[in-house]
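Fold and contact review
The lines below spell out each chain.
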Amino acid sequence: STTTNPHPLSPFPRSQNNSRVHRLQLPARRLPSFPAVAPGASFAPLPQRLGMASLAASAAAAAEVTHLTQRDAAEIDEQLMGPLGFSVDQLMELAGLSVAAALAEVYKLNEHARVLVICGPGNNGGDGLVAARHLYHFGYRPSICYPKRTPKPLYSGLVTQLESLSIPFIPVEDLPNELPREFDVIVDAMFGFSFHGTPRPPFDHLIQMLVSLSDIQNPDKRPAIVSIDIPSGWHVEEGDVDGGIKPDMLVSLTAPKLCAKKFTGPHHFLGGRFVPPPILNKYGLQLPPYPGTSMCVRIGKAPSVEISSLRENYISPELLESQVMSDPFDQPVCVSPMQWL
Ligand SMILES: NC(=O)C1=CN([C@@H]2O[C@H](COP(=O)(O)OP(=O)(O)OC[C@H]3O[C@@H](n4cnc5c(N)ncnc54)[C@H](OP(=O)(O)O)[C@@H]3O)[C@@H](O)[C@H]2O)[C@H](O)CC1
Ligand SMILES: [K+]
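Overview of the structure. (Residues numbered from 1 in each chain as written. Chains lettered and ligands numbered in written order. Predicted model: local features only at pLDDT ≥ 70, side-chain atom pairs only at ≥ 80, totals over all residues. Heavy atoms only, no water.)

Brief notes about the coordination of the potassium ion (ligand 2)
The expected angle between donors at a tetrahedral four-coordinate metal is 109.5 degrees. At an octahedral six-coordinate metal it is 90 or 180 degrees. The potassium ion (ligand 2) binds to the protein through Asn-124 (OD1), Asp-188 (O), Phe-191 (O), Ile-228 (O), Ile-230 (O) and Ser-232 (OG), with metal-donor distances spanning 2.6 to 3.0 Å. Geometry at the potassium ion (ligand 2) is irregular, judged from the 6 donor atoms that bind it and their angles of 73 to 165° at the metal. Read N to C, the donor residues that coordinate the potassium ion (ligand 2) are spaced as N-x63-D-x2-F-x36-I-x1-I-x1-S. Here Phe-191 is found in the loop between strand 3 (185–189) and helix 8 (203–215), whereas its partner Ile-228 is found in strand 4 (residues 224–228), with 37 residues between them in sequence. (Donors = N, O, S within 2.8 Å, 3.2 Å for Na, K, Ca; no water. Tetrahedral: all angles 85-135°; square planar, octahedral: opposite > 155°, others 65-115°. Helix = DSSP H or I, 4+ residues; strand = E, 2+ residues; numbered from the N terminus.)

Written out as structure tokens, the structure is:
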């Protein structure tokens, strides 16, 4: 056939003259869907059901996860949405779902139902809108602050979907002064990998508000901050160069960006389980495998639980007087998990 290729970067190249086409060529042999790592990667594939040994391997592998430059992150995005056939809606849906899933894994519904999602003008903000919808369906009570709306159908559609769920949109000037009393979690969906310079209004004010919150040392006295892809205001490669937000949780998408090396919070997750082999191969990405059907995977070690504090806080179940036997040997034994400690 003499038809020309509509996508110059197509993974199914018709022109052999385009060097970028060569670099994106699909492997001749069909790769298995697991492990999602480049061939020759230095860590071994892990089983889908992670046992203790493989969890340790996963932590070791985390040290080797690839961190992207701003340019590579943008280029990967363009390739996914060009020659690799994805649409922005699709990627945003998966990104937002990953964020909601990661948040729900750490901040359980019974104690963290009230979530404020602060959305910026670009796709990072779109991820926040999608995450809010999924959080609603998970049982959370999200509210949204979306001060610079984008008049594109994708975004107005997301807003309509959220309005149909009666999710409140709070104008920036109406945000309560006492955020810690009103919300359990704040999702920072202001800026992602296209951020540059210093934040302009009203985001400068919103970022400062989150900086003041993250300065409160006692995490029980403030909402947890969850940043999507990049802590907003951070330099995408250098990190926190200007006394910025210190999120408790970072959900990197596709692959962590260089700034994530400076993240010191307790919870770092990877989401965006959509990276196909041509991208993994071209950029030599080393990414941890996602467990089972999960949309997110923890990068690095989970914070350890202080067992002695569990013991101190443990209150034994009440034993009613009527249940007490006269002979203690007849007393029914109540085995609680704490008795094994
Ligand atoms: N492949 C993936 O991993 C996917 C990730 N997704 C998410 O998309 C973002 C990147 O989205 P993008 O739209 O390219 O960029 P941002 O959301 O970071 O923001 C761009 C808008 O922000 C404005 N901007 C930039 N700097 C400033 C500033 N200093 N002050 C105020 N506003 C700023 C910018 O305006 P300009 O006028 O400067 O152009 C834009 O309006 C990625 O991080 C992920 O979260 C996708 O959802 C799915 C695929
Ligand atoms: K962000």
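Moving on from the model shown.
Some points on the sheet that holds strand 1 (residues 114–119)
Taken in spatial order, the 7 strands line up as 2-1-3-4-5-6-7 in an open sheet, and their pairing is mixed. Each edge of the open sheet is held by one strand with a lone partner, namely strand 2 (141–145) and strand 7 (296–298). Put simply, the sheet's adjacent strands are angled 20° from each other on average, direction ignored. The pairing of strand 6 (residues 267–271) with strand 7 spans 3 bridges and is antiparallel. For Leu-270, the partnering residue across the bridge sits in strand 7 and is Val-297. Along the sheet, helix 8 makes contact with strand 1, strand 3 and strand 4, crossing strand 1 at roughly 140°. (Pairing = 2+ DSSP bridges. Axes fitted to C-alpha atoms, helices over the stretch in contact; angles between N-to-C directions. Contact = heavy atoms within 4.5 Å.)

Here we look at the pairing of strand 1
By the criterion of burial, strand 1 is predominantly enclosed, with 5 of the 6 residues buried. In terms of strand pairing, strand 1 meets strand 2 through 5 bridges, oriented parallel. Looking at the pairing, Val-117 lines up with Ile-144 of strand 2. Where the polypeptide runs from strand 1 across helix 5 (residues 123–138) and back to strand 2, its parallel neighbour, the crossover connection is right-handed. (Buried < 20%, exposed > 50% of the residue type's maximum accessible area, 1.4 Å probe, protein only. Right-handed = clockwise from strand over helix to strand, strands pointing away.)

Side note on the pattern of salt bridges
Going through the model one piece at a time under the given rule, you end up with 6 salt bridges. We note a salt bridge from Glu-93 to Arg-133, for which the minimum N-O separation is 2.9 Å. Linking Glu-93 in helix 4 (residues 88–106) with Arg-133 in helix 5, this pair joins segments that are 40 residues apart in sequence. With a closest N to O distance of 2.7 Å, Asp-229 and Lys-257 form a salt bridge. (Salt bridge = Lys/Arg side-chain N within 4 Å of Asp/Glu carboxyl O.)

Brief notes about helix 4
With 19 residues, helix 4 extends 27 Å between its outermost C-alpha atoms, agreeing within 8% with the 27 Å of an ideal straight helix rising 1.5 Å per residue. Buried within helix 4 are the following residues: Leu-91, Met-92, Ala-95, Gly-96, Ser-98, Val-99, Ala-100, Ala-101, Ala-102, Leu-103, Ala-104 and Val-106. (Expected span 1.5 Å × (residues − 1).)

Here we look at the packing of helix 4 against helix 5
Angle between the axes and distance between the axes: these two values describe a pair of packed helices. For the pair helix 4 and helix 5, the least separation of the axes is 7 Å and the interaxial angle reads 55°. The angle between helix 4 and helix 5 places the two elements in the oblique class. For the element pair helix 4 and helix 5, the recorded crossing hand is right-handed. On helix 5, the residues touching Val-88, Met-92, Glu-93, Ala-95, Gly-96, Leu-97, Val-99, Ala-100, Ala-101, Leu-103 and Ala-104 of helix 4 are Asn-123, Gly-126, Asp-127, Val-130, Ala-131, Arg-133, His-134, Leu-135 and Phe-138. (Parallel < 35°, antiparallel > 145°, perpendicular 65-115°, else oblique. Left-handed = near helix turned anticlockwise from the far one by under 90°.)

Regarding the environment of Pro-153
Following the sequence through the fold, Pro-153 ends up in helix 6 (residues 153–164). Pro-153 gets classed as exposed once you look at its relative accessible area, which sits at 68%. In the structure, Pro-153 is positioned 84 residues away from Glu-237 in sequence and 31 Å away in space, judged by C-alpha atoms.

A few points about the site of ligand 1
Around ligand 1 lies a shell of 21 residues, among which Asp-127, Gly-192, Ser-194, Asp-229 and Thr-254 are the nearest. Taking Asp-77, its side chain carries an N or O atom lying 2.7 Å from a nitrogen atom of ligand 1. Gly-192 has a polar backbone atom sitting 2.6 Å from an oxygen atom of ligand 1. Relative to its unbound accessible surface of 950 Å², ligand 1 loses 82% to contact with the protein. Judged by its atoms lying within 2 Å of the grid points, ligand 1 is housed in the largest pocket. (Near = heavy atom within 4 Å. Polar contact = N/O pair within 3.5 Å; in protein donor to acceptor, adjacent residues only side chain to side chain. Areas by Shrake-Rupley, 256 points an atom, 1.4 Å probe, with all protein chains shown as cover. 1 Å grid on protein atoms, 1.4 Å probe; cavity = no way out; pocket = protein on both sides within 12 Å on 5 of 7 lines; lining within 4 Å. Sits in = over half its atoms within 2 Å of the grid points.)

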